[in-house]
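Below, each chain spelled out in residue letters.
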Amino acid sequence: MSQLLANNIRREWQNDIVTQSNNNVSILSGNLNTKWQDDCYSSFRQHLQLGSKKLPFGLVFMLRDVPLPKSGREAQSRRLYHQSKTNLYRCLKFIDPKRSQQYFYRLQRLRNIWWRKLARDPEIFQIKEVEGEAVEIVAKLPWIEETVETIHNHGSRPLESYGTMFEVKIGRKRVLPHVIESVCLEAPATVAYLCDAFHPSQSRTLLRFHHSLTPYKAAVLIDAEDGVPEELKLLAEFLNLSLRRAGLLTLMSCVNDNENSVNLLFKKHDLLGIPYSLVIKDETLSNGIAGLRSRDTMLQEQVHISRITSYLKQLFRK
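Definitions and cut-offs
Residues numbered from 1 in each chain as written. Predicted model: local features only at pLDDT ≥ 70, side-chain atom pairs only at ≥ 80, totals over all residues. Heavy atoms only, no water. Helix = DSSP H or I, 4+ residues; strand = E, 2+ residues; numbered from the N terminus. Buried < 20%, exposed > 50% of the residue type's maximum accessible area, 1.4 Å probe, protein only. Core = buried A, V, L, I, M, F, W, Y, C linked by side-chain atoms within 4.5 Å. Contact = heavy atoms within 4.5 Å. Expected span 1.5 Å × (residues − 1). Bend = angle between axes of the 7 residues up to and from the residue. Phe/Tyr/Trp six-rings, centres within 6.5 Å; stacked < 30°, edge-to-face > 60°. Salt bridge = Lys/Arg side-chain N within 4 Å of Asp/Glu carboxyl O. Pairing = 2+ DSSP bridges. Axes fitted to C-alpha atoms, helices over the stretch in contact; angles between N-to-C directions.

### Thoughts on unusual backbone geometry
Link 1 in the chain: Look at the link from Leu 55 to Pro 56: it is a cis peptide, with omega at 0°.
Link 2 in the chain: Notably, Asp 65 is not glycine yet its phi reads approximately 55°, a positive angle.
Link 3 in the chain: With a phi angle near 65°, Met 298 is a residue other than glycine that sits in the positive phi range.
Link 4 in the chain: Along the chain, Met 298 turns up in the loop between β15 (289-294) and β16 (300-304).
Link 5 in the chain: Residue classification places Met 298 among the partly exposed residues on the basis of a relative accessible area of 46%.

### Topic: the nonpolar core
Link 1 in the chain: Of all hydrophobic cores here, the largest spans 36 residues; its most connected members are Trp 13, Trp 115, Phe 125 and Tyr 193.
Link 2 in the chain: Residues contacting Trp 13, with those up to four places away along its chain left out, are Val 60, Met 62, Tyr 89, Arg 90, Cys 91, Arg 111, Trp 114 and Cys 184.
Link 3 in the chain: Listed in part, the 21 residues of the second largest apolar core include Leu 248, Leu 278, Val 303 and Leu 315.

### With respect to helix α2 (residues 36-50)
Link 1 in the chain: Here α2 spans 21 Å end to end across 15 residues, near enough to the 21 Å set by a 1.5 Å rise per residue.
Link 2 in the chain: Helix geometry: α2 is bent most strongly at Ser 42, by close to 40°.
Link 3 in the chain: Residues of α2 that are buried: Trp 36, Gln 37, Cys 40, Ser 43, Phe 44, His 47 and Leu 48.
Link 4 in the chain: Looking at the buried residues of α2, the elements they touch are β1 (25-28), β2 (57-67), β3 (85-95), β7 (168-170) and β9 (178-185).

### Some remarks on the packing of aromatic side chains
Link 1 in the chain: Under the counting rule described, the total for this entry stands at 14 aromatic pairs.
Link 2 in the chain: On the numbers, 5.4 Å between centres and 35° between planes, the contact of Phe 57 with Phe 94 is tilted. With Phe 57 in strand β2 and Phe 94 in strand β3, this residue pair connects regions lying 37 residues apart in the sequence. Considered together, Phe 57 and Phe 94 belong to a single accessibility category, that of buried residues.
Link 3 in the chain: Judged by centre distance (5.6 Å) and plane angle (35°), the rings of Trp 115 and Phe 125 are tilted. Of this pair, Trp 115 sits in helix α4 (residues 100-117) while Phe 125 sits in strand β4 (residues 125-130), and the two are ten residues apart along the sequence.
Link 4 in the chain: You can call Phe 125 buried: its relative accessible area is 0%.
Link 5 in the chain: Taken together, the ring pairs connect Trp 36, Tyr 41, Phe 44, Phe 57, Phe 94, Tyr 162 and Phe 166 into an aromatic cluster.

### Comments concerning the pattern of salt bridges
Link 1 in the chain: Scanning all chains against the criterion turns up twelve salt bridges.
Link 2 in the chain: Each member of the salt-bridge network shares a partner with another, and the members are Asp 16, Arg 111 and Glu 149.

### Looking at the environment of Asn 87
Link 1 in the chain: You can see Asn 87 is positioned in strand β3.
Link 2 in the chain: Owing to a relative accessible area of 12%, Asn 87 belongs among the buried residues under this scheme.
Link 3 in the chain: The spatial distance from the C-alpha of Asn 87 to the C-alpha of Asp 65 is 5.4 Å, given a sequence separation of 22 residues.
Link 4 in the chain: Dropping the residues within four chain positions of it, Asn 87 is found in contact with Arg 10, Leu 63, Arg 64, Asp 65, Cys 184, Leu 185 and Glu 186.

### Focus: the sheet that holds strand β13 (residues 250-252)
Link 1 in the chain: Ordered by their spatial adjacency, five strands build an open sheet running β13-β12-β14-β15-β16, and the pairing between neighbours is mixed. The two strands at the open ends of the sheet, each matched to only one other strand, are β13 and β16. Looking at each pair of strands side by side, their axes are set apart by 30° on average, direction ignored.
Link 2 in the chain: As judged from the three bridges shared by strand β12 (residues 218-223) and β13, these two strands associate in the parallel manner. If you follow Ala 219 over to β13, its bridge partner there is Leu 251.
Link 3 in the chain: Relative to β13, helix α6 (residues 230-245) is tilted by about 160°, and along the sheet it contacts β12, β13 and β14 (276-281).

Next up, the structure:
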């Protein structure tokens, strides 16, 4: 489940940084053994040509299997990940030197808003200043403070040793652009949102994710009294497939034949953070009505199977 959550975080990050960006942004393949300047030079020149030789624009690197820190504050929480490597998302923005400071402050605010809007408790995410022209966005968890993103205003320093290779023409002058870099590590981000979703209480324990990050949008299960007719199995499989084809990832739960086991599955679905459980009963074959159980209210509403897909999509748009 944690990998599904990580995939959703990566998708939302890419959607915010690339798809919805005000500037042209491209995704490149990077190499841990080379400098990003060497990896991006050809794309840098191409962007200048395509963008009428104007700034700003961005380049994104999605790096796999980046070693986690072995020392310092980040290493204290390394045991939480059960892994020594993670994925890294890096975005480089090339900015007009006269506007870089303004863009740096604006990016801090926008990125902190992004982390907060996906959290159940937005206050866990805070901006923290560090040495130099850099800030960290940290998640203040109960036992540790976890860095989820670092934003640097490098100025032109990373490009100065490359001579005129990265120069751009602004007005009548040729200058080196300023580089603003944001870096996000997948493992700390996943842990932060897992901890944020954890919601214990005296009656039950559940995970409550933002709907965009929820690994499974719904679960499909059968509640039959005397055995499970083949027609009921086929109907459950059909509804499960319909939801998946509509872009709603579902969990097809095991078939149940008594009320206690269904209630036990509800608890398991709550622990997995599944917002809705679709319950197919014997009567569904005759009247087309299924139960849609909500994780948050624990109540079931009656929905006709012909409306299940459109109704769930509507719920997730709210």
